[in-house]
Amino acid sequence: GKEFRNEAYYNIILGTDYYFNDWNVLTLSGNYALEIEDQPSLTNFDIIQDGNLVNQYFRDETTEATNPKWQYELVFKRDFKDHEDHDLVFSGIGNFFGKAQSSDFANITTFGAQSDSFEKIRTDFSEAKYTFQLDYIKSIGEKLKFETGGQYLIQIVSNDFEVANLIDDVFVSDPGLTNIFEYDQRVMGLYSTGAYEEGNWGIKAGLRVETTILNTLLKTTGEENDQNYISLFPSLHSSYKLTERLSFQASYSRRIFRPRLWDLNPFFNIRNNFSIRTGNPELLPEFTDSYELSGIYILEKISLSLGVYHRYTTDVVERISTFENNVNTFKPVNIGVNRSTGIELISKYTPADWVVLNGDINYNFFEREGRFEGNSFDFRADQWSAQLTSKFKLPADLDIECTANYRSAFQTVQRDVSANLFADFGLRKKIIGGKAVVSISVRDVFFSRFDESRILQDDFSIYSFEQRGRFITAGFSYGFGKGEAMEYTGKRR
């Protein structure tokens, strides 16, 4: 079948700076966006037994959604007079995203035993996120720089989800698929870093401490999941300049990747009753230890960076497919560890003042170890990617950017994912003395970007192909007062 996603998107951005004096500035900015979605789809089903067609029907969907979004940010910056790198910055950011979505499904038989059915799905979703951050930076002389600060993140989510089936001309709620999912996450982080630089050598060390409190609740059934943990994130970076053209860098850092909300939320829009995607409220975060060593060589018009890296990740999140009662269910779970070793080449070439070429090639091989429900998912594989970006500065304040991307085929614990090659294009022009910008961007210029994968297990196989299509954005922006024009990229905020 085919699925369509038609969107009308409206976005308003407004920002202002107030200078108390040369050393204190207050910034207030915000944006409001409204997204109106229409998602029709039509899926055809053939039920085949022993090579014979026994039943045939189509599933017709009509989905509409209204998504309001807004963001506001307040920033106060204090510059101290004794040093240009002596600052105090406070910021408060608020975000809200809502979704009111309704879907109607009709299953109409076209061959075989009549079994027409009708469903309604309702989703009322809201997410509020608040971030408060304080940073203090101070340089001591010309060699030593100190930075410390803290951040407090609050994220509150509610998802009211209901599935109703038509029974005797009345839509009746399905208690097995209806629930309210509530999500509350609080993260408190404190950090401190120190940097020392003398001559051709420099070093920077830091430590971040985070406390995470996460609570999820399926309100109707009373199922709870609480996660409280403290994490330490050390980092160490060093550099040495051998000559004016050649330098080396080495680093270590520990990182965290928290599950996204949709990976935790167990509810979904059932577009296909035989292939269901669901979240996992018990999902744990990934932790990665990253080691990197690189060298940078600079000529007059070209610079090259060659680096090697090794990354060790625990509690790796993988989307696992299970097959039961003729229904395939995708669900993210934590499976074992991943060891990845790779090499990356980055280059920048400026043949003329008006053209810049950037290239990036990355290759890595990895080893997976893990078990799930008594099955081993150990394997080894490799993958590589490449990107080439061309930027042109033409007369009359006209800028053009072209990007080509390639991603090789690669393997996950279950899937074999196909290779992909696609390109993006952007154009912008300053007008009214640089106070305004007109722009146009095209993502997937040649309509060649797709996601294709295959799952081959002992008792079932799955083939999936998805293509989103070309995306075009045209924009105009104007800066008032001392402000410069901002450029709207078309990315989701």
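Above this text you will find the structure in question.
Residues numbered from 1 in each chain as written. Predicted model: local features only at pLDDT ≥ 70, side-chain atom pairs only at ≥ 80, totals over all residues. Heavy atoms only, no water.

A. Just unusual backbone geometry, in detail. Phi at Asn326 is positive, roughly 65°, even though this residue is not glycine. Owing to a relative accessible area of 46%, Asn326 belongs among the partly exposed residues under this scheme. A positive phi angle, close to 55°, is found at Phe447, a residue other than glycine. On the secondary structure map, Phe447 appears in the loop between strand E28 (436–443) and strand E29 (451–456). (Buried < 20%, exposed > 50% of the residue type's maximum accessible area, 1.4 Å probe, protein only. Helix = DSSP H or I, 4+ residues; strand = E, 2+ residues; numbered from the N terminus.)

B. A look at the sheet that holds strand E17 (residues 317–324). The strand order across the open sheet built from three strands is E14-E18-E17, with neighbouring strands paired in mixed fashion. The outermost strands of the open sheet, each flanked by one partner alone, are strand E14 (275–277) and E17. When strand polarity is set aside, the average angle formed by the axes of neighbouring strands in this sheet is 25°. Sheet topology places E14 next to strand E18 (residues 327–334); three bridges connect them, and they run parallel. (Pairing = 2+ DSSP bridges. Axes fitted to C-alpha atoms, helices over the stretch in contact; angles between N-to-C directions.)

C. Up close: the pairing of strand E5 (residues 52–79). As judged from the 15 bridges shared by strand E3 (residues 24–38) and E5, these two strands associate in the antiparallel manner. Bridging from a neighbouring strand, Glu35 pairs with Asn67 of E5. Bridge analysis of strand E4 (residues 41–49) against E5 gives nine bridges, and the strand direction is antiparallel. Residue pairing in the sheet places Leu42 in a bridge with Asp60 of E5. Counting the residues in the hairpin turn of E4 and E5 gives two residues, including Asp50, whose phi is positive at 55°.

D. Layout of the pattern of salt bridges. On inspection of all chains with the given rule, the structure shows 26 salt bridges. A salt bridge links Lys99 to Glu37; its shortest N-O distance comes to 3.1 Å. Placement of the pair is Lys99 in strand E6 (residues 87–111) and Glu37 in strand E3, with a sequence separation of 62 residues. Here Lys99 and Glu37 have matching classes, each one buried. A salt bridge links Asp184 to Arg186; the shortest N-O distance between them is 2.8 Å. (Salt bridge = Lys/Arg side-chain N within 4 Å of Asp/Glu carboxyl O.)

E. Structural context of the packing of aromatic side chains. Counted according to the given criterion, the structure contains 16 aromatic pairs. Taken together, a centroid distance of 6.5 Å and an interplanar angle of 25° make the contact between Tyr32 and Trp70 stacked. Of this pair, Tyr32 sits in strand E3 while Trp70 sits in strand E5; the two residues are 38 residues apart in sequence, bridging distant segments of the chain. Its relative accessible area of 38% is what places Tyr32 among the partly exposed residues. The partly exposed category is assigned to Trp70, whose relative accessible area is 38%. When the centroid spacing of 6.3 Å and the interplanar angle of 20° are considered together, the rings of Phe233 and Phe287 count as stacked. (Phe/Tyr/Trp six-rings, centres within 6.5 Å; stacked < 30°, edge-to-face > 60°.)

F. Local environment of the nonpolar core. The biggest cluster of nonpolar side chains holds 16 residues, and the ones touching the most others in it are Ile121, Phe181, Tyr183 and Leu261. Among the secondary structure elements, those contributing two or more residues to this core are E6, strand E7 (117–140), strand E8 (144–167), strand E10 (179–198), strand E11 (201–218) and helix H1 (261–264). At three residues, E8 tops the list of elements feeding residues into this core. Beyond its immediate sequence surroundings of up to four residues, Tyr183 is in contact with Gln155, Ile156, Val157, Leu214, Asn215, Thr216, Leu261 and Leu264. Listed in part, the nine residues of the second largest apolar core include Val333, Ile335, Phe366 and Phe372. (Core = buried A, V, L, I, M, F, W, Y, C linked by side-chain atoms within 4.5 Å. Contact = heavy atoms within 4.5 Å.)

G. Here's a closer look at the pairing of E17. Note: E17 against E18, eight bridges, orientation antiparallel. Each bridged residue has a counterpart across the sheet, and for Thr322 the counterpart in E18 is Thr329. In this structure, the hairpin formed by E17 and E18 is closed by a connection of two residues, where Asn325 is found at a positive phi of approximately 55°.

H. The arrangement of the sheet that holds E29 in detail. Spatially, four strands are ordered E25-E26-E29-E30 in an open sheet, and the strand pairing comes out antiparallel. Because the sheet does not close on itself, it has two edges, and the strands there are strand E25 (410–411) and strand E30 (461–466). With six bridges connecting them, E29 and E30 associate as antiparallel partners. Bridge assignment links Leu456 to a residue of E30, and that residue is Ser461.

I. Highlighting empty space enclosed by the protein. Taken as a whole, this structure holds one cavity of 30 Å³ or more when the rule is applied. Roughly 30 Å³ of volume is contained in the largest cavity. Lining the largest cavity are Gln185, Leu214, Gln227, Tyr229, Arg258, Pro259 and Leu283. Among the residues making up the lining of the largest cavity, the classes are represented as four nonpolar, two polar and one charged. (1 Å grid on protein atoms, 1.4 Å probe; cavity = no way out; pocket = protein on both sides within 12 Å on 5 of 7 lines; lining within 4 Å. Points joined across faces, edges and corners; volume = space filled by probe spheres on them. Nonpolar A, V, L, I, M, F, W, Y, C, P; charged D, E, K, R; others polar.)

J. Seen up close, the environment of Asn326. Take Asn326: it is sitting in the loop between E17 and E18. When the C-alpha positions of Asn326 and Phe460 are compared, they lie 9.6 Å apart, and in sequence the two are 134 residues distant.

K. Fine view of a nonpolar patch on the surface. Side chains of Leu293, Tyr297, Leu299, Leu304, Leu306, Val308, Ile343, Leu345, Ile361, Tyr363, Phe365 and Trp384 sit close together on the surface and give an oily, nonpolar patch of about 1000 Å² of accessible area. Elements with a minimum of two residues in the nonpolar patch: strand E15 (286–298), strand E16 (302–314), strand E19 (337–352) and strand E20 (355–369). Here Val308 shows up in strand E16. (Patch = residues over 30% accessible without salt bridge, like charges linked within 9 Å, V, L, I, M, F, W, Y side chains within 5 Å. Areas by Shrake-Rupley, 256 points an atom, 1.4 Å probe, with all protein chains shown as cover.)

L. Structural context of the side chain of Asn405. Here Asn405 shows up in strand E24 (residues 398–407). With relative accessibility at 12%, the residue Asn405 sits in the buried group. A distance of 2.7 Å separates the side chain of Asn405 from the side chain of Gln387, its partner in a polar contact. In contact with Asn405, other than residues within four places in its own chain, are Ala386, Gln387, Asn420, Leu421, Phe422 and Asp424. (Polar contact = N/O pair within 3.5 Å; in protein donor to acceptor, adjacent residues only side chain to side chain.)

These values are about where atoms sit, not about what they do.
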